[in-house]
Amino acid sequence: MSKQLNLTLSIWRQENAASRGRFETYQAKGIPDDASFLEMLDIVNEGLISEGELPIEFPHDCREGICGTCGVMIDGRAHGPELGTATCQLHMRKYNDGDTIVIEPWRATAFPVIRDLVVDRSPLDAIIQAGGYISAPTGTAPDANEIAVPKEVADSAMDAAACIGCGACVAACPNSAAQLFTSAKLWHLNSLPQGQPERFKRAEAMVETMEQFFGSCTNHGECTEACPKEIPQDFIAYLNRDFVKSKRVNRTMASRS
Amino acid sequence: MAAPTAANQGHTSSADRPLRATPRSLPFPFSLYQTSVGKKWVMAITGLMLIGFVVVHMIGNLKLYLGVIELDGVSDYDVDHYAHALRELLVPLVPHGVVLWIMRLGLIAGFGLHIHSAYSLSRSNMVANQAYESKRDWLAANFASRSMRYTGVIVLLYLIFHLADLTWGRADWFEHGEVQSNVVNSLSNPLVALIYILANIAVAIHIYHGMYSMFQSLGINNPSYNWLRQGAARSLAIIILIGNISFPLAVLANIIEFDPSLITAGY
């Protein structure tokens, strides 16, 4: 038999990007402690709908921690109090009866609020697009194990590829920098043999797109703490290395075209 | 086209609205300084230069503890011999004071670039960031990392005061080139000593995060030594802190003294 929680929620409500938002207080009564954080919001929304009020808009999709859609600031922490956990994987058994929970959307100038807790994270897509795809003609897809990849490299690329693009790193950063996201996306491709032909083109394009929207890294380390996939800071150092090298390499390349 | 509704009013994709335009690219390597990552490299390299200066300056100041020694027939405080030698570096290959001025110009350029990159990055970070309305819970950021802007400004103000105090001379007791006497005269005022102590705490805090941050900004990262980076930054900051605040304390405790009868007029 699961416990039931009575909670006080302070939730950011905002009509659209242009309007002023404010915190509204809600009483969430009889929340089963088996519920996930998002299911708790679903229960609150059902109550609001039955009273004829507009439900609280919050971002969510797969609810199993792999799609990167969900994510809100919970009590001043991106994705809430559990480390390495997306909002959807946070469960109400981590809370006590009578707790007050403050829920705010991600904040960054490049992430305007669309409605309530939903923000526009499309600049992250712009960074991915700037990275392009492997456009060097290499013929048909090679056999799976034809290109030998050292185990260490495969592991490192896999760690980088774990990024789900939720934007918690930007949300947690006091400078709203997207370094952790960009470095993970960059290192995922730049560490592998398949990514080498366009390595430095990609580094320059992705970093310069990132800098159009986001701040710069001052090495606080808040991003890794917020990251549901615990992407390490190391990738940021690799990004710094590749970017500076790219300026030199791409200049040499330009002279050969 | 349908009239805008409350839901879609004025909403376009945020990716269509960059916060800043990409400027026309300058030739390499100046193109690096047009980017934030490049500015961080400049900040890290100039920071390393300035740390090198602070360390050498502190080691030079340790000569304050050595008292009077005799060198080439001149009996003077060791720190005054040292100051004299700095001006005489590479003499007679180059004229008197030239090497010192070359080093000073390097430091001034380093300071200029360090401050300009900090200012420019802070400005763009402020544009990119929006404050939370609720209380933030910091997990990794520490006091040093969050106060870099403030400790940086304190260090700059302190630098100006320090130059006015012991390089340009702000009071009657100041005598150009008489290091031991000037230091003792300045720091025997408890208020001035307090300024030096507080400012050097800010210097150490700034160097602690700066040194750690330097590793990341320059891409100095490898699992074989990453565990050493925090400790290296902390040890350096502590060594600089202890060394530098020892001088005002030693003057107040009369460990560093000036006695004109012990020296022969030399330089």
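Our subject is the structure that appears above.
In what follows, the accompanying structure is described. Not measured: the values here are computed from a predicted model.

**Brief notes about the overall build of chain B**
So, point 1. Along chain B, the regular secondary structure elements total nine helices and two strands.
So, point 2. Along chain B, from the amino end to the carboxyl end, the secondary structure elements read α-α-β-β-α-α-α-α-α-α-α.
So, point 3. Here the C-alpha radius of gyration of chain B, 24 Å, is well above what a compact globule of 267 residues would show, namely 18 Å.
So, point 4. C-alpha extents for chain B along the principal axes are approximately 95 × 45 × 45 Å.
So, point 5. Within chain B, the fraction of its 267 residues that count as buried is 39%.
So, point 6. For chain B, long-range pairs separated by at least 24 residues make up 67% of all intrachain contacts whose partners lie at least 6 apart in sequence.
So, point 7. On chain B, roughly 15000 Å² of surface is accessible, and the fraction owed to carbon and sulfur atoms is 68%.
So, point 8. Of note, chain B has its 16 positive side-chain charges centred 25 Å away from the centre of its 15 negative side-chain charges.

**Remarks on unusual backbone geometry**
So, point 1. For the bond from F28(B) to P29(B), the omega torsion is 5°, close enough to zero to count as cis.
So, point 2. By the secondary structure assignment, P29(B) is in the segment before helix 1 (30-33).
So, point 3. Residue P92(B) is bonded to the preceding V91(B) through a cis peptide linkage, with omega at 10°.
So, point 4. By the element assignment, P92(B) lies in the loop between helix 3 (78-87) and helix 4 (98-128).
So, point 5. One non-glycine residue with positive phi stands out, namely N219(A), at about 60°.
So, point 6. Within the secondary structure layout, N219(A) lies in the loop between helix 6 (199-213) and helix 7 (222-226).
So, point 7. Looking at N219(A), the relative accessible area reads 4%, which means it is buried.
So, point 8. At L90(B), a position not held by glycine, the phi torsion is positive, near 65°.
So, point 9. Inspection of the secondary structure puts L90(B) in the loop between helix 3 and helix 4.

**Side note on the pattern of salt bridges**
So, point 1. Across all of its chains, the model carries 13 salt bridges over all chains by this definition.
So, point 2. Among the ionic pairs, E208(A) bridges to K247(A), the shortest N-O distance being 2.6 Å. Here E208(A), found in helix 6, pairs with K247(A), found in helix 8 (residues 234-254); they are 39 residues apart in sequence, far enough to count as distant.
So, point 3. In this structure, D78(B) engages K63(B) in a salt bridge whose closest nitrogen and oxygen atoms are separated by 3.4 Å. Remark: K63(B) occurs in the loop between helix 2 (36-61) and strand 1 (68-71) and D78(B) occurs in helix 3; sequence separation between them is 15 residues.
So, point 4. In this structure D78(B) comes out as buried when scored by relative accessible area, which is 7%.
So, point 5. Judged by its relative accessible area of 26%, K63(B) is partly exposed.

**Quick look at helix 3 of chain B**
So, point 1. Of all the residues in helix 3 of chain B, the buried ones are D78(B), V79(B), D80(B), H81(B) and A83(B).
So, point 2. Looking at the buried side of helix 3 of chain B, the elements it contacts are helix 2, strand 1, strand 2 (74-77) and helix 7 (179-187) of chain B.

**Description of the sheet that holds strand 2 (residues 22-32) of chain A**
Residue and element names in this part refer to chain A.
So, point 1. Read from one edge of the open sheet, five strands run 2-1-5-3-4, paired in mixed fashion. Two strands in the sheet have a free side with no partner beyond their single neighbour: strand 2 and strand 4 (77-78).
So, point 2. Sheet topology places strand 3 (residues 73-74) next to strand 5 (residues 100-104); two bridges connect them, and they run antiparallel. Residue I74 lies in a different strand from strand 5, and its bridge partner there is I103.

**Some words on the packing of aromatic side chains**
So, point 1. The full count for this structure, using the stated rule, is 10 aromatic pairs over all chains.
So, point 2. Taking the centre distance of 5.7 Å and the plane angle of 80° together, the rings of F111(A) and F214(A) count as edge-to-face. Here F111(A), found in the loop between strand 5 and strand 6 (113-115), pairs with F214(A), found in the loop between helix 6 and helix 7; they are 103 residues apart in sequence, far enough to count as distant.
So, point 3. Take F111(A): its relative accessible area is 1%, and that puts it in the buried class.
So, point 4. On the basis of relative accessible area, F214(A) is assigned to the buried category, the value being 1%.
So, point 5. With centroids separated by 4.5 Å and ring planes inclined at 45°, the aromatic side chains of W187(A) and Y238(A) adopt a geometry described as tilted. Residue W187(A) is located in helix 5 (residues 179-190), and its partner Y238(A) is located in helix 8; the two are separated by 51 residues in the primary sequence. Taken individually, W187(A) and Y238(A) each receive the classification buried, so the pair is uniform in this respect.
So, point 6. Within the aromatic cluster, the residues linked to one another by ring pairs are F111(A), F213(A) and F214(A).
So, point 7. Over the aromatic face of W101(B) sits the side chain of R104(B), whose NZ or CZ is 4.9 Å from the ring centroid.
So, point 8. In this structure, R136(B) is placed above the aromatic ring of W138(B), and the distance from its NZ or CZ to the ring centre is 4.2 Å.

**Notes on the interface of chain B and chain A**
So, point 1. Chain B puts 49 residues into the contact, and the matching count from chain A is 58 residues.
So, point 2. Buried area between chain B and chain A, summed over both chains or domains, comes out near 4600 Å², and the portion from carbon and sulfur atoms is 52%.
So, point 3. Contact with chain A buries surface across chain B, with F28(B), V37(B) and Y132(B) losing the most and accounting together for 14% of the total.
So, point 4. A salt bridge links R136(B) to E222(A), with the nearest nitrogen and oxygen atoms 3.7 Å apart.
So, point 5. Taken together, chain B and chain A are joined by 39 residue pairs in polar contact (both at pLDDT 80 or more).
So, point 6. The residue makeup of the side of chain B that touches chain A, split by class, is 18 nonpolar, 22 polar and nine charged.

**Let's talk about the packing of helix 8 (residues 190-217) of chain B against helix 9 (residues 226-252) of chain B**
All names here are of chain B.
So, point 1. Remark: helix 8 packs on helix 9, axes separated minimally by 8 Å, with the N-to-C direction vectors making an angle of 170°. It follows from the interaxial angle that helix 8 and helix 9 lie roughly antiparallel. Two packed elements cross with a definite hand, and for helix 8 against helix 9 that hand is right-handed.
So, point 2. In the contact of helix 8 with helix 9, the residues fall into 20 nonpolar, four polar and two charged.

**Some points on the environment of I74(A)**
So, point 1. Tracing the backbone shows I74(A) in strand 3.
So, point 2. Counting along the chain gives 13 residues from I74(A) to T87(A), while the straight-line C-alpha distance between them is 8.7 Å.

**Observations concerning the nonpolar core**
So, point 1. Counting residues in each nonpolar core, the largest one holds 79 residues, and the members touching the most others are W106(A), F111(A), L124(A), I127(A), V170(A) and F214(A).
So, point 2. With 10 residues, helix 8 of chain B is the largest single contributor of residues to this core.
So, point 3. Mapped onto the domain boundaries, this core takes at least three residues apiece from domain 1 (4-114) and domain 2 (121-254) of chain A.
So, point 4. Ignoring any residue separated from it by four or fewer positions in sequence, one finds L124(A) in contact with F111(A), G165(A), G167(A), V170(A), A178(A), F181(A) and F214(A).

Reading guide: rules and limits
- Residues numbered from 1 in each chain as written.
- Chains lettered and ligands numbered in written order.
- Predicted model: local features only at pLDDT ≥ 70, side-chain atom pairs only at ≥ 80, totals over all residues.
- Heavy atoms only, no water.
- Helix = DSSP H or I, 4+ residues; strand = E, 2+ residues; numbered from the N terminus.
- Rg over C-alpha atoms; globule rule 2.2 N^0.38 Å.
- Buried < 20%, exposed > 50% of the residue type's maximum accessible area, 1.4 Å probe, protein only.
- Contact = heavy atoms within 4.5 Å.
- Areas by Shrake-Rupley, 256 points an atom, 1.4 Å probe, with all protein chains shown as cover.
- Lys, Arg positive; Asp, Glu negative; His and termini not counted.
- Charge placed at Lys NZ, Arg CZ, Asp CG, Glu CD.
- Salt bridge = Lys/Arg side-chain N within 4 Å of Asp/Glu carboxyl O.
- Pairing = 2+ DSSP bridges.
- Phe/Tyr/Trp six-rings, centres within 6.5 Å; stacked < 30°, edge-to-face > 60°.
- Lys NZ or Arg CZ within 6 Å of the ring centre and 35° of its normal.
- Buried area = accessible area lost by both parts, 1.4 Å probe.
- Polar contact = N/O pair within 3.5 Å; in protein donor to acceptor, adjacent residues only side chain to side chain.
- Nonpolar A, V, L, I, M, F, W, Y, C, P; charged D, E, K, R; others polar.
- Axes fitted to C-alpha atoms, helices over the stretch in contact; angles between N-to-C directions.
- Parallel < 35°, antiparallel > 145°, perpendicular 65-115°, else oblique.
- Left-handed = near helix turned anticlockwise from the far one by under 90°.
- Core = buried A, V, L, I, M, F, W, Y, C linked by side-chain atoms within 4.5 Å.
- Domains from an automatic or database assignment.

By themselves, these are just geometric observations and shouldn't be taken as functional.
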